[in-house]
Amino acid sequence: PTSDYSASCVMQPRQTLLLVEHDLAAIQTFFSLMRYHDVVVVNSDEALETRLQDGGVDLVVMNLDALEQDGAAMSRKIKQLPQSRGVPIIALASSSDCGEEVTLFQAGASDYIAKPVHDLVLQARLNFHLERKRSKDLLERMARYDELTEVFNRREFNVSLQSEWQRAARTESSLAVLMIDVDLFKKYNDHYGHG
């Protein structure tokens, strides 16, 4: 029999969960369930939007009863903000409503959870979405940066060039690109090493 001790020793970075909730007992439950992450509680739509604009949020959990506006409208707003476009949204509803669920998914929600929900099921679903966000962020980073030098790679250069080209055309300004080639760079690598 083999045991996997390595899984218990892996350090995962703390992620930030943004919770829209009024109920003190529910807030305490979230702090207890998600104690290895940072839980930020907001109690208004305005506070939610302000916190999202600051960036650094990995998951939004909205109690639909705590929102001042429709959950679908809020989901659309969240998805339109550049800082939260890729952030998963979990809608907590006081009862299961198929129409509301479909509307929320169409508006960009990642999950719909009808209450009551068992604490361990809630924790598992939240952790699932946080892990997906972590994996997505890692893949995006790998797609944009060179692993050795940690500078933007060719793909990111192409994206930036396209963006700058469009800006220069819009503002009718010039655009310059500087390319530097180091002669005999292989000898430099061979002598000093790739690192």
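Our structure is the block above this text.
Described below are features of the structure shown in this document. From a predicted model like this one, the values you see are computed outputs, not experimental measurements.

**Here's the deal with the pattern of salt bridges**
A side chain with one charge may pair with a side chain of the opposite charge, provided their charged atoms come close. Counted according to the given criterion, the structure contains 10 salt bridges. The residue K77 makes a salt bridge to E49 at a minimum N-O spacing of 3.2 Å. Here E49 lies in helix α3 (residues 45-53) and K77 lies in helix α4 (residues 71-80), a separation of 28 residues in the sequence. Put simply, R144 and E156 hold a salt bridge, and the shortest N to O gap is 2.9 Å. Of the two residues, R144 sits in helix α6 (residues 119-144) while E156 sits in helix α7 (residues 154-171), which places them 12 residues apart along the sequence. Owing to a relative accessible area of 32%, R144 belongs among the partly exposed residues under this scheme.

**Section: the packing of aromatic side chains**
Tallying each qualifying case throughout the model produces 3 aromatic pairs. The rings of F185, Y188 and Y192 are connected pair by pair, giving a single aromatic cluster.

**Some thoughts on the pairing of strand β2 (residues 38-42)**
Here 5 bridges tie strand β1 (residues 16-20) to β2, and the two strands are oriented parallel to one another. Counted as the bridge partner of T16 is D38 from β2. In terms of handedness, the path from β1 via helix α2 (residues 24-33) over to β2 forms a crossover that is right-handed.

**Overview of unusual backbone geometry**
Residue K115 is joined to P116 through a cis peptide bond whose omega torsion reads 0°. Relative to the assigned elements, P116 resides in the loop between β5 (111-114) and α6. We note that E172 has phi near 55°; this positive angle belongs to a residue other than glycine. The phi torsion at L184 lies on the positive side, around 55°, for a residue other than glycine.

The rules behind each value
- Residues numbered from 1 in each chain as written.
- Predicted model: local features only at pLDDT ≥ 70, side-chain atom pairs only at ≥ 80, totals over all residues.
- Heavy atoms only, no water.
- Salt bridge = Lys/Arg side-chain N within 4 Å of Asp/Glu carboxyl O.
- Helix = DSSP H or I, 4+ residues; strand = E, 2+ residues; numbered from the N terminus.
- Buried < 20%, exposed > 50% of the residue type's maximum accessible area, 1.4 Å probe, protein only.
- Phe/Tyr/Trp six-rings, centres within 6.5 Å; stacked < 30°, edge-to-face > 60°.
- Pairing = 2+ DSSP bridges.
- Right-handed = clockwise from strand over helix to strand, strands pointing away.

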